[in-house]
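Now for the letters of each chain:
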2 protein chains.
Amino acid sequence: MRIERVTNTVSLKRTIDSGTEEQRKTVIEILTEVQDKGDLALKYYTEKFDGVLIEILKVDRVEINEAYQMIDETLVDIIKEAAENIRDYHSRQVKQSWITMKDNGTMLGQKITPLDAVGVYVPGGKAAYPSSVLMNVIPAQVAGVNRIVMVSPPDKEGRLPAGVLVAADILGVTEIYKVGGAQAVGALAYGTDTIQSVDKIVGPGNIFVALAKREVYGNVDIDMIAGPSEIVILADETSLANEVAADLLSQAEHDERASSVLVTPSMELAEQVLIEVERQVKLLPRVEIAEASINNYGAIYVTKDIEEAIKVVNELAPEHLEIMTKEPMELVSKIRHAGAIFVGRYSSEPVGDYFAGPNHVLPTNGTARFSSPLNVDDFTKKSSIISYSKEAFMENGPKIAAFARLEGLDAHARAIEERLKS
Amino acid sequence: MRIERVTNTVSLKRTIDSGTEEQRKTVIEILTEVQDKGDLALKYYTEKFDGVLIEILKVDRVEINEAYQMIDETLVDIIKEAAENIRDYHSRQVKQSWITMKDNGTMLGQKITPLDAVGVYVPGGKAAYPSSVLMNVIPAQVAGVNRIVMVSPPDKEGRLPAGVLVAADILGVTEIYKVGGAQAVGALAYGTDTIQSVDKIVGPGNIFVALAKREVYGNVDIDMIAGPSEIVILADETSLANEVAADLLSQAEHDERASSVLVTPSMELAEQVLIEVERQVKLLPRVEIAEASINNYGAIYVTKDIEEAIKVVNELAPEHLEIMTKEPMELVSKIRHAGAIFVGRYSSEPVGDYFAGPNHVLPTNGTARFSSPLNVDDFTKKSSIISYSKEAFMENGPKIAAFARLEGLDAHARAIEERLKS
């Protein structure tokens with residue numbers, strides 16, 4: 001990590017791993033096999049990649065009960081409370097269908113409908129996060145999605161992580177399958193005897209999962225393909241260097257390609273934070289990952305004033321933005337691009353990762369310029385409603401026919417004229 | 001076209017043209033050249049593909065004035081009235097930023113921001129539709145997008161279609177460039193000296209445009225890649241066969257791969273519509289296109305009752321749905337999947353294509369199961385706001401740290417603990 005004076009445009013963009021030719025071929029082969037052979041293919045690939053033969057794909061009640069035995073009761077309560085907060089926040093996003101009526105009898109509107117069925121992918125191993133279950137499932141539930149299916153790769157004993165099962169059970173998810181990788185994505189997209197197909201697939205995964213989602217997109221909807229995580233902290237001389245450093249490191253421990261950036265007009269803070277980062281990183285169990293991330297993708301930008309710092313933040317369009325300045329709320333209206341804005345000293349990023357309520361699935365890699373956090377709208381779709389009255393039709397029909405002819409679409413004009421003449 | 005009794009599941013899906021290897025190579029080459037050589041590459045490819053050397057890419061006021069000379073004044077007024085209707089409808093979609101405050105001082109919210117800059121692609125030649133300008137530009141304007149850029153390929157004389165220029169001018173679009181194809185997409189995504197880059201590219205185009213949009217996606221946002229158009233008409237014995245037939249044909253004239261489907265419990269109507277389609281199709285200037293579409297992708301499904309007909313409609317998830325039954329509004333609540341629902345005899349599809357107000361950019365090919373008409377939300381993005389109070393932090397901090405440790409993320413827990421200890 002080093003301190004730089006901002007001179008030119010800055011960017012958080014890192015190359016996105018779009019897979020090797022070999023990986024793409026493997027994924028297409030797996031998807032074809034799942035389409036052709038269904039459950040048989042799911043079991044074959046689970047044995048091949050996860051090293052375990054699964055007879056019954058669906059998780060049963062006994063396994064859920066066992067999972068509860070493995071999780072501290074206090075933690076179960078914490079997960080429940082987090083779930084309530086997340087549900088409360090997302091329930092405020094629900095949009096209503098609407099209709100507008102004109103004096104001539106015309107009605108125009110928008111009908112909002114939840115998706116019928118959604119699949120949630122939960123990665124296995126170290127990346128099996130109960131919080132990810134909460135963040136992906138709850139918005140779909142709040143949207144009114146009728147069927148929510150969870151898939152996750154089993155470990156060598158054929159089990160799913162206890163925390164993941166407990167989180168799913170707390171939310172009332174009952175359809176959980178022990179299958180992961182591209183084969184799980186194939187099952188969700190095309191359906192098998194055991195797993196009925198869904199309309200949308202969400203949730204993070206490794207490169208095979210990402211490639212498979214890209215491949216089935218169009219047939220079903222998918223969420224964004226997330227890049228590595230990033231945080232930008234906007235701080236001034238009133239911020240505490242140890243807290244800023246700790247927050248930068250909480251991002252860095254995720255992934256060697258995660259990016260942690262401080263933007264500040266205070267050279268003094270910049271220097272203190274650098275010292276603190278170097279001190280604190282040594283204390284972390286994931287020290288190697290965090291060090292690699294900080295060294296390769298970490299940065300401290302010193303700007304001439306707070307205005308320039310805000311300009312830099314908007315150029316970066318970060319996934320997570322923390323504002324730790326004297327009057328942090330004053331600056332929120334100046335932020336044009338950020339996935340989530342954490343305001344003030346007590347809004348450390350983990351507060352939002354787990355507990356406060358807003359979603360932790362956020363646009364990465366500068367895509368906050370045009371993308372949003374995962375939200376209830378992502379699990380609904382709109383239909384326009386057009387009910388034209390006879391009066392409106394008779395008045396406007398000839399104009400509509402004329403417009404159609406301007407575009408050379410004669411049959412469009414005739415569809416109008418068939419009615420005008422009667 | 002033939003009449004079928006519904007026996008099994010039905011689908012509107014047609015294979016999507018994903019381009020040849022050769023076409024993909026061409027597109028990547030063009031995009032690379034635009035990135036490397038900027039305006040020079042734009043002019044080179046315009047001369048190569050459109051057969052005209054363009055010295056100044058930007059359309060000037062003189063060209064706009066000339067365009068007005070070529071369009072009937074009545075039509076200008078019709079375009080203006082349509083634009084007002086479209087603006088009125090879309091302005092009802094605008095969402096507000098919101099914030100919720102808790103007793104402990106915590107504030108959570110969602111900040112809604114328009115995209116900074118949007119590019120609208122308008123195809124050339126016969127597919128240069130003024131209505132397409134209205135439908136793509138107005139939602140972006142209503143969302144508050146600051147910079148809207150239009151690109152369109154010039155004809156051999158170096159001109160853009162008059163109707164397109166007039167429509168753009170009516171909307172107040174001032175940045176219009178005479179460049180099309182993959183090179184225009186490249187300019188919008190990467191920027192050149194003349195054309196600054198944008199955040200999102202919308203609008204239809206040929207296979208090269210579609211492939212280029214797919215290629216730059218991630219760097220910028222894109223709208224959906226539209227498939228061929230389709231209409232499903234739900235009608236009963238009260239519908240008039242000549243009107244149903246005319247509406248089916250208005251879809252069929254678009255494209256040989258367009259699909260027109262009637263679903264009805266009335267065998268009598270089915271038979272009359274078949275006769276009417278065969279009579280009316282001969283009258284169309286685009287008879288060859290319409291006949292090919294009707295023969296290959298047209299269908300009349302006869303169901304045992306209206307309930308089964310609705311089931312079929314939901315399976316089809318059509319782009320356009322017309323309901324022409326005795327009590328059409330009664331059925332709207334039963335429609336789960338449709339891009340736009342046209343209710344009643346006087347809501348013929350062209351009413352929505354041009355004039356009523358709702359958008360004509362709609363999800364095709366069964367994607368209405370999970371996609372929406374183009375709308376104001378497509379030109380905004382959300383940022384979560386999290387402002388945690390000291391009180392809330394002190395109460396919940398330990399729970400958040402415990403949750404982080406359950407997931408093995410020690411630095412996350414430490415970021416919380418750095419603040420708890422002080």
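What you see is a predicted model; the values in this text were computed from it and never measured.

K.L.:
Got a sec to walk through the overall build of chain A? Specific residues and values, please.
P.N.:
Check the secondary structure of chain A and you find 16 helices and 14 strands. Expressed as lengths along the three principal axes of its C-alpha atoms, the size of chain A is roughly 85 × 60 × 45 Å. Per-residue burial over chain A gives 64% buried out of 422 residues. Long-range pairs, those at least 24 residues apart, make up 74% of the contacts in chain A with a sequence separation of at least 6. Surface accessibility of chain A: about 16,300 Å² in total, with carbon and sulfur atoms responsible for 49%. Side-chain charges in chain A split into 44 positive and 63 negative, and the spacing between the mean points of these groups amounts to 6 Å.

K.L.:
Break down the sheet that holds strand 4 (residues 117-121) of chain B for me, with residues and values.
P.N.:
All names here are of chain B. The 5 strands lie next to each other as 6-5-4-7-8, forming an open sheet whose pairing is parallel. The sheet is open, and its two edges are formed by strand 6 (175-178) and strand 8 (221-222), each paired on a single side. Across 2 bridges, strand 7 (residues 200-202) lies against strand 8 in parallel orientation. Bridging from a neighbouring strand, I201 pairs with I222 of strand 8.

K.L.:
Lay out the sheet that holds strand 9 (residues 230-235) of chain A with the relevant residues and their values.
P.N.:
The pairing of strands in a sheet happens through backbone hydrogen bonds and is either parallel or antiparallel. With mixed pairing, 9 strands are arranged side by side in an open sheet as 1(A)-11(A)-10(A)-9(A)-12(A)-13(A)-14(B)-3(B)-2(B). Only two strands of the sheet have a single neighbouring strand rather than two, namely strand 1 (3-5) of chain A together with strand 2 (98-101) of chain B. Going from strand to strand, the sheet's axes swing by 20° on average, the running direction of each strand aside. With 3 bridges joining them, strand 13 (residues 340-343) of chain A and strand 14 (residues 380-387) of chain B adopt parallel strand pairing. What sits directly across from F342(A), in strand 14 of chain B, is I386(B).

K.L.:
Help me get a handle on a nonpolar patch on the surface, residues and values and all.
P.N.:
Together, I99(A), M101(A) and M329(B) line one region of the surface with nonpolar side chains, adding up to about 270 Å² of accessible area. If you trace the backbone, I99(A) turns up in strand 2 (residues 98-101).

K.L.:
Residues and numbers for the relation of the copies chain B and chain A, please.
P.N.:
The operation relating the two chain copies consists of a rotation about an axis and a shift along that axis. When chain B is brought onto chain A, the operation consists of a screw motion whose angular component is 180° and whose axial shift is 0.0 Å, with 0.0 Å RMSD remaining. Both chain copies can therefore be described as sitting about a two-fold axis. Counting the interface residues of chain B, we find that 100% of their copies in chain A are interface residues as well, pointing to one common contact surface.

K.L.:
Hey, could you go over the interface of chain B and chain A for me, with residue numbers and the actual values?
P.N.:
Every contact between the two is made by 115 residues of chain B and, on the other side, 115 residues of chain A. Between chain B and chain A the total buried area reaches about 10,400 Å² when both faces are included, carbon and sulfur atoms providing 59% of it. On the chain B side of the interface with chain A, the three residues burying the most area are Y346(B), F370(B) and R419(B), jointly 8% of the side's total. Counting across the interface, chain B meets chain A through 14 salt bridges. With a shortest N-O distance of 2.8 Å, K382(B) and D377(A) are connected by a salt bridge.

K.L.:
So what's going on with the environment of N146(B)? Residues and values would help.
P.N.:
Residues and elements named next belong to chain B. Mapped onto the elements of the fold, N146 is located in the loop between helix 5 (130-143) and strand 5 (147-152). C-alpha of N146 to C-alpha of D116: the two residues are 30 residues apart in sequence and 5.7 Å apart in space. Excluding residues within four positions of it along the chain, N146 makes contact with L115 and D116.

K.L.:
Go over the packing of helix 9 (residues 241-252) of chain A against helix 16 (residues 410-420) of chain B, please, and point to the residues and values.
P.N.:
Contact pair helix 9 of chain A / helix 16 of chain B: the axes reach a minimum separation of 8 Å and the direction vectors enclose 165°. Classified by the angle between their axes, helix 9 of chain A and helix 16 of chain B sit roughly antiparallel to one another. The two elements helix 9 of chain A and helix 16 of chain B meet at a crossing, and its hand is left-handed. When helix 9 of chain A is examined against helix 16 of chain B, the residues N242(A), E243(A), A246(A), D247(A), L249(A) and S250(A) are found in contact with a partner set consisting of A411(B), H412(B), R414(B), A415(B), E418(B) and R419(B).

K.L.:
Residues and numbers for the domain arrangement of chain A, please.
P.N.:
Residue and element names in this part refer to chain A. Domain parsing of chain A yields domain 1 (3-14 + 228-360), domain 2 (38-222) and domain 3 (389-420). Distance from the C-alpha centre of domain 1 to the C-alpha centre of domain 2: 31 Å. Contacts between the two partners involve 10 residues from domain 1 and, on the opposite side, 12 residues from domain 2. Each partner contributes to the roughly 940 Å² buried at the junction of domain 1 and domain 2, and carbon and sulfur atoms together form 58% of this total. Inspection of the region where domain 1 meets domain 2 yields 3 residue pairs in polar contact (both at pLDDT 80 or more). Of the residues assigned to the side of domain 1 that touches domain 2, the class counts are 4 nonpolar, 4 polar and 2 charged.

K.L.:
Just give me the short version of the side chain of R419(A), but keep the residues and values in it.
P.N.:
Here R419(A) shows up in helix 16 (residues 410-420). The contacts of R419(A), once residues within four sequence positions are left out, are F393(A), M394(A), E243(B), D247(B), E322(B), M324(B), R345(B) and S348(B).

K.L.:
Residues and numbers for the pairing of strand 11 (residues 299-302) of chain A, please.
P.N.:
All names here are of chain A. Because side chains alternate across strand 11, one face comprises the buried residues A299 and Y301, and the other comprises I300 and V302, equally buried. In the sheet, strand 1 pairs with strand 11 via 3 bridges, with the strands oriented parallel. Along strand 11, the bridge assignment pairs R5 with V302. In this structure, strand 10 (residues 259-264) lies alongside strand 11, joined through 4 bridges in parallel fashion. Looking at the pairing, L262 lines up with I300 of strand 11.

K.L.:
I'd like a rundown of unusual backbone geometry, residues and numbers included.
P.N.:
All names here are of chain A. One non-glycine residue with positive phi stands out, namely A317, at about 45°. Its place among the elements puts A317 in the loop between helix 12 (306-316) and strand 12 (320-324). In this model, N365 sits at a positive phi of 60°, which is unusual for a non-glycine residue. Relative to the assigned elements, N365 resides in the loop between helix 14 (349-355) and strand 14 (380-387). A relative accessible area of 7% means that N365 is categorised as buried.

What counts, and where the lines are drawn
One numbering rule holds for all chains: residues counted from 1, following each sequence as written. Chain labels run from A onward and ligand labels from 1 onward, assigned in the order the entries are written. Local features in a predicted model are, by the rule used here, given only for residues with pLDDT of at least 70; side-chain atom pairs are given and counted only at 80 or more, and totals for whole chains, interfaces and linings are based on all residues. Only hydrogens and water are set aside; all other atoms, that is, all heavy atoms of the structure, feed into the side-chain values. Under the DSSP-based scheme used, a helix requires at least four consecutive residues in state H or I and a strand at least two consecutive residues in state E, with every element numbered from the N terminus. Here's how the labels work: a residue is buried when its accessible area is under 20% of the maximum for its type, exposed when over 50%, partly exposed in between, all with a 1.4 Å probe on protein chains only. Contacts are assigned to residue pairs that have any heavy atoms within 4.5 Å of one another. Values of accessible area rely on a 1.4 Å probe in the Shrake-Rupley scheme; residue burial ignores everything except the protein chains shown. For the charge count, each Lys or Arg is scored as positive and each Asp or Glu as negative, with His and the chain ends excluded. Taken as the charge location is NZ of Lys, CZ of Arg, CG of Asp or CD of Glu. A pair of strands is labelled paired if DSSP reports no fewer than 2 bridges between them. Only C-alpha atoms enter the line fits that serve as axes; for helices the fit covers just the stretch in contact. Angles between N-to-C directions range over 0 to 180 degrees. Like-charged residues are merged into a patch within 9 Å and nonpolar side chains (Val, Leu, Ile, Met, Phe, Trp, Tyr) within 5 Å, provided each residue has over 30% relative accessible area and no salt bridge. The term salt bridge refers to a side-chain nitrogen of Lys or Arg lying within 4 Å of a carboxyl oxygen of Asp or Glu. Least squares is the method used to superpose the copies, on C-alpha atoms of residues holding a pLDDT of at least 70 in both. Using a 1.4 Å probe, buried area is obtained as the accessible area two parts lose upon being combined, added over both of them. Roughly parallel means an angle under 35 degrees; roughly antiparallel, over 145; roughly perpendicular, 65 to 115; everything else is oblique. Crossing chirality is assigned from the near helix's rotation relative to the far helix, an anticlockwise turn below a right angle marking it left-handed and a clockwise turn marking it right-handed. Residue ranges assigned to each domain were obtained from an automatic or database domain assignment. Polar contact criterion, stated in full: a pair of N or O atoms within 3.5 Å, where within protein one must be able to donate a hydrogen and the other to accept it, and residues adjacent in sequence count only if both atoms are side-chain atoms. Lys, Arg, Asp and Glu make up the charged group, whereas Ala, Val, Leu, Ile, Met, Phe, Trp, Tyr, Cys and Pro make up the nonpolar group; the residues left over, Gly among them, are polar.

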